[in-house]
Amino acid sequence: DAGITQSPRHKVTETGTPVTLRCHQTENHRYMYWYRQDPGHGLRLIHYSYGVKDTDKGEVSDGYSVSRSKTEDFLLTLESATSSQTSVYFCAISDYLRGGLAGGGTDTQYFGPGTRLTVL
Amino acid sequence: AQSVTQLGSHVSVSEGALVLLRCNYSSSVPPYLFWYVQYPNQGLQLLLKYTSAATLVKGINGFEAEFKKSETSFHLTKPSAHMSDAAEYFCAVSVGSSNTGKLIFGQGTTLQVKP
């Protein structure tokens, strides 16, 4: 299994409070992703990173920010949590460029165990 | 733009029966396609992937999928269901042209296996 941990694993917070979720990897993979999982929606990409200090938005980025100051850590921050952000959050990593388009690890993403966030 | 549609949010089979989970994709470029499985309260685990090498792809736990370009499909099958196969399954397509490794996921299909 890929070395990916997420913390905390569970969190209950109140509307309007800031929340930071952490994703830590020991694989030295270049790409990291944050998804949220909601019933009927599958997984939706929030933000992703393609290197230290290099990040970009996904399809559901409103209300979220990210930072990546080290290869191994990718932080997701909810500046002011809302009830609509109650969800399960997954981090993923990828060695997309390492294998190249010809094969190997191309595009395979490996997922962390998830963080269940409840905003009251 | 790429997209993925999984037909049927819930599929129920008897133990020992054929498993068929349907996935159709839309992509303007040759796609990379994936099936992931999620067991309760766990993250996603890769079952198999298609990266244009062979149209019939074999994965873990006896699953396989066939890429059919003419039908834009990548259905997942297993000849004989086991109770341990009960889980949620996700099909995904890679947004390969953007060089970011991003995936677009289908809505998921929950597989129930009855004894």
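Residues numbered from 1 in each chain as written. Chains lettered and ligands numbered in written order. Predicted model: local features only at pLDDT ≥ 70, side-chain atom pairs only at ≥ 80, totals over all residues. Heavy atoms only, no water.

K.L.:
Requested: an account of the environment of Asp73 of chain A, with residues and values cited.
P.N.:
Residues and elements named next belong to chain A. Inspection of the secondary structure assignment puts Asp73 in strand E8 (residues 73–78). Residues Asp73 and Ser87, 14 residues apart in the sequence, show an inter-C-alpha distance of 21 Å. Every residue in contact with Asp73, bar those within four places of it in the chain, is listed here: Arg22, Cys23, His24, Met32, Ser67 and Arg68. Only 3.1 Å separates the side chain of Asp73 from the side chain of Arg22, close enough to count as a polar contact. (Helix = DSSP H or I, 4+ residues; strand = E, 2+ residues; numbered from the N terminus. Contact = heavy atoms within 4.5 Å. Polar contact = N/O pair within 3.5 Å; in protein donor to acceptor, adjacent residues only side chain to side chain.)

K.L.:
Describe the sheet that holds strand E7 (residues 64–68) of chain B, listing the residues and the values that go with them.
P.N.:
Residues and elements named next belong to chain B. Pairing within the open sheet is antiparallel, and its five strands lie in the order E1-E3-E8-E7-E6. With one partner strand each, in any of the chains shown, strand E1 (3–7) and strand E6 (56–58) form the two edges of the open sheet. Going from strand to strand, the sheet's axes swing by 20 degrees on average, the running direction of each strand aside. Relative to strand E3 (residues 19–26), E1 runs antiparallel, the two being bridged by five bridges. (Pairing = 2+ DSSP bridges. Axes fitted to C-alpha atoms, helices over the stretch in contact; angles between N-to-C directions.)

K.L.:
Tell me about the sheet that holds E8 of chain A, and please be specific about residues and values.
P.N.:
Residues and elements named next belong to chain A. With antiparallel pairing, the four strands of this open sheet are ordered in space as E1-E3-E8-E7. Pairing within the sheet leaves two strands with one partner each, and these edge strands are strand E1 (4–7) and strand E7 (64–70). Adjacent strand axes in the sheet meet at a mean angle of 20 degrees, parallel and antiparallel pairs treated alike. Relative to E8, E7 is paired through five bridges, and the arrangement is antiparallel.

K.L.:
I'd like a rundown of the state of the cysteines, residues and numbers included.
P.N.:
Residue and element names in this part refer to chain A. Here the structure, examined in full by the defined rule, presents two disulfides over all chains. A sulfur-sulfur separation of 1.9 Å characterises the disulfide bridge that pairs Cys23 with Cys91. Between Cys23 and Cys91, the S-S dihedral sits near -70 degrees, and the bridge is therefore left-handed. Here the residue Cys23 occupies a position in strand E3 (residues 19–25), and Cys91 occupies one in strand E9 (residues 87–94), the gap between them amounting to 68 residues. Cys91 shares its class with Cys23; the two are buried. (Disulfide = S-S within 2.5 Å. Buried < 20%, exposed > 50% of the residue type's maximum accessible area, 1.4 Å probe, protein only.)

K.L.:
Lay out the pattern of salt bridges with the relevant residues and their values.
P.N.:
Residues and elements named next belong to chain A. This structure, assessed with the given rule, holds six salt bridges over all chains. Measuring nitrogen to oxygen at the nearest pair gives 3.1 Å for the salt bridge that ties Asp73 to Arg22. Remark: Arg22 occurs in strand E3 and Asp73 occurs in strand E8; sequence separation between them is 51 residues. Owing to a relative accessible area of 33%, Arg22 belongs among the partly exposed residues under this scheme. In this structure, Lys70 and Asp73 form a salt bridge, with 3.3 Å as the shortest nitrogen-oxygen distance. (Salt bridge = Lys/Arg side-chain N within 4 Å of Asp/Glu carboxyl O.)

K.L.:
Now, about the packing of aromatic side chains: what can you tell me, with residues and values included?
P.N.:
All told, the structure shown has 16 aromatic pairs over all chains when counted by the stated rule. Between Phe111 of chain A and Tyr36 of chain B the ring centres are 5.4 Å apart and the planes differ by 80 degrees, which places this aromatic pair in the edge-to-face class. Placement of the pair is Phe111 of chain A in strand E10 (residues 109–111) and Tyr36 of chain B in strand E4 (residues 33–38), with the two residues belonging to separate chains. With respect to burial, Phe111 of chain A and Tyr36 of chain B carry one shared label: buried. (Phe/Tyr/Trp six-rings, centres within 6.5 Å; stacked < 30°, edge-to-face > 60°.)

K.L.:
How would you summarise the pairing of E3 of chain A if you had to cite specific residues and measurements?
P.N.:
Residues and elements named next belong to chain A. Here E3 shows a buried face lined by Val19, Leu21, Cys23 and Gln25 and an unburied face lined by Thr20, Arg22 and His24. Of the strand pairs in this sheet, E1 and E3 are connected by four bridges, and their pairing is antiparallel. For Gln6, the partnering residue across the bridge sits in E3 and is Cys23. With six bridges connecting them, E3 and E8 associate as antiparallel partners. Counted as the bridge partner of Thr20 is Thr77 from E8.

K.L.:
Go over the nonpolar core, please, and point to the residues and values.
P.N.:
All names here are of chain B. Counting 27 residues, the largest nonpolar core has Trp35, Leu48, Phe74, Leu76 and Tyr89 as the members making the most contacts within it. Elements supplying a minimum of two residues to this core: strand E2 (10–14), E3, E4, strand E5 (44–50), E7, strand E8 (73–78), strand E9 (87–94) and strand E11 (109–114). What Leu76 contacts, discounting residues up to four positions off in sequence, is Val19, Leu20, Leu21, Trp35, Leu47, Leu48, Phe63, Glu64, Ala65 and Tyr89. (Core = buried A, V, L, I, M, F, W, Y, C linked by side-chain atoms within 4.5 Å.)

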